[in-house]
Structures are given as C-alpha cells and as structure tokens.
Amino acid sequence: VQFWNKLHLEQNLKYLTNYPGGTAKDVWYWDYVQANGSKTFTFTLPSLANRPGATARLSGLLRSYSGVPQHHTRIYLNDNLVDDAFWNNKTTYLFTKDIPQSYLVAGANTIKVEALLDNGITSNLVLSNWFEVEYWDVLTAAANRIDFTLEPGAATNPEITGFSSDQLELFDISDPEAPQRLVNY
C-alpha cells in the first residue's frame, strides 16, 4: 500500500527578531546563504514508493535579509534545478513546486539554495526558514515508528513492515487533541 507523505524540515538555529517571515511571522531561521554562494540542507527518506511517472512536491520559505535591488535564488533537489526566481527585497519568498518523484531517493537527499549576483544585483543575502517534501511512500516503519494517512478507499487492513517485534500499539491521531488507541487490528 502506498500513501502520500509529508516531511517538514526545519531547524531553529538563528534568532533574528527584525526579520519576521511567513504568515506566522517566524523569527527563527535555519541558516543563511551569502551572495554568489550556496547552502546545502540534507534530509533522509527511509523509504519511497516505486511509482513510475509520479509527481512529488517541494516547498520552502526564504526571507530577505538584503537584496539590492532584488534577490535571485535557485533551488536544487539532488542537483536537479526545481526553482529559479527573482523576488523583492525585504519580503518572504514561499515556493511550491511539483517535481518528478524520481528526483528523490530512499536514503540521503539534498536541497541546495543558491544566492546569485547577476542582472545588476549587488547584494544578495537570504535566510532559509523551512522546507517540505511531499511524496509517495510505502508502509514501512523506520526505527519502529510510522506516521501515515491512508486515502479514502485504501485497504482497511494494510500490511506494515519494518517493525522489530509484533508487539505493537496503534493510535488514530486524526484529532491530535484526542488520540485514540486502536485495538483488535
């Protein structure tokens, strides 16, 4: 059984109160990218569905620190260019791109952000806030844990592999405020 999975990638390492970003006015950032430089962010996908021709999605939130007269950024996923954008100084840049699932691999993956000095740009310093990867996954536990949502009409008793024991606990967390332990599964 395959399901649509979402992985949120964020590390709050730099606190910049003068640079709120996104709808939540977040002031914590992962890192920054200097002009004519790049920064690579690594993440791991324990499993990945074999789904030829499938589409995945990459999203992210960047914030202007300094861009004169504007910013030019390029975003790569595993060395595949997925976004090439000019955007305004003193703003946030939220991107969402549909990509071939074949850009992803089970195991280590990278997102690279480049800040370019071209087209008259004399300053380009960009803050990275977060990224999200959405993709087709398989029901395989990693470190004895799996979070998943099955699409309506999916198998009601799917087989989940990858556990080190058959002594399991299963919870319905559709309402995160009131998780329900499932029995007799």
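Residues numbered from 1 in each chain as written. Predicted model: local features only at pLDDT ≥ 70, side-chain atom pairs only at ≥ 80, totals over all residues. Heavy atoms only, no water.

Visitor: Provide a residue-level description of the overall build of the protein chain, including the pertinent values.
Guide: Helix and strand counts for the protein chain come out as zero helices and 13 strands. In the protein chain, the succession of α and β elements from N to C terminus is β-β-β-β-β-β-β-β-β-β-β-β-β. With respect to the principal axes defined by its C-alpha atoms, the protein chain has extents near 65 × 35 × 30 Å. Within the span of the protein chain, comprising 185 residues, buried residues form 36% of the whole. As displayed, the protein chain has an accessible area near 10600 Å², and 47% of this comes from carbon and sulfur atoms. (Helix = DSSP H or I, 4+ residues; strand = E, 2+ residues; numbered from the N terminus. Buried < 20%, exposed > 50% of the residue type's maximum accessible area, 1.4 Å probe, protein only. Areas by Shrake-Rupley, 256 points an atom, 1.4 Å probe, with all protein chains shown as cover.)

Visitor: Which residues make up the pairing of strand 10 (residues 107-115), and what values do they have?
Guide: Looking down a regular strand, the side chains alternate between one sheet face and the other. Pairing of strand 5 (residues 37-45) with strand 10, which is carried by nine bridges, proceeds in the antiparallel orientation. Paired with threonine 40 across the two strands is lysine 112, which belongs to strand 10. Of the strand pairs in this sheet, strand 7 (residues 70-77) and strand 10 are connected by five bridges, and their pairing is antiparallel. Considered in strand 10, the bridge of leucine 77 is made with isoleucine 111. (Pairing = 2+ DSSP bridges.)

Visitor: Just give me the short version of the environment of serine 174, but keep the residues and values in it.
Guide: Note that serine 174 resides in the loop between strand 12 (170-172) and strand 13 (180-182). Expressed as a C-alpha distance, the spacing of serine 174 and threonine 149, which sit 25 residues apart in the sequence, is 8.7 Å. At 2.3 Å, the side chain of serine 174 forms a polar contact with the side chain of aspartate 172. (Polar contact = N/O pair within 3.5 Å; in protein donor to acceptor, adjacent residues only side chain to side chain.)

Visitor: Tell me about the layout of surface pockets, residues and numbers included.
Guide: When its volume is computed, the largest pocket comes out at roughly 1400 Å³. Every residue lining the largest pocket is counted, 38 residues in all, and those nearest its centre are Ile146, Asp147, Phe148, Ile160 and Leu170. Those elements that provide at least two residues to the lining of the largest pocket are strand 1 (2-10), strand 5, strand 11 (123-138) and strand 12. Sort the elements by how many residues they give to the lining of the largest pocket and strand 1 lands first, with five residues. Each residue belonging to the lining of the largest pocket can be placed in one class, and the counts come to 19 nonpolar, twelve polar and seven charged. (1 Å grid on protein atoms, 1.4 Å probe; cavity = no way out; pocket = protein on both sides within 12 Å on 5 of 7 lines; lining within 4 Å. Points joined across faces, edges and corners; volume = space filled by probe spheres on them. Nonpolar A, V, L, I, M, F, W, Y, C, P; charged D, E, K, R; others polar.)

Visitor: Got a sec to walk through the sheet that holds strand 8 (residues 80-88)? Specific residues and values, please.
Guide: Spatially, the four strands line up as an open sheet ordered 5-10-7-8, and their pairing is antiparallel. Looking at the sheet topology across the chains shown, the edges are occupied by strand 5 and strand 8. Ignoring strand direction, the axes of neighbouring strands in this sheet form an average angle of 20°. (Axes fitted to C-alpha atoms, helices over the stretch in contact; angles between N-to-C directions.)

Visitor: Could you give me a rundown of unusual backbone geometry, with the residues and numbers involved?
Guide: With an omega of -5°, the peptide bond between valine 68 and proline 69 qualifies as cis. Locating proline 69 in the fold gives a position in the loop between strand 6 (55-68) and strand 7. Even without being glycine, aspartate 79 reaches a positive phi, approximately 70°. Along the chain, the position of aspartate 79 falls in the loop between strand 7 and strand 8.

Visitor: Would you mind going over the side chain of serine 59 in detail, with residue names and values included?
Guide: Within the fold, serine 59 resides in strand 6. Classification of serine 59 as buried rests on a relative accessible area of 6%. At 3.1 Å, the side chain of serine 59 forms a polar contact with the side chain of threonine 96. Here serine 59 is in contact with Phe95, Thr96, Trp130, Phe131 and Glu132, once residues within four sequence places are set aside. (Contact = heavy atoms within 4.5 Å.)

Remember that the coordinates give geometry; whether it matters functionally is a separate question.
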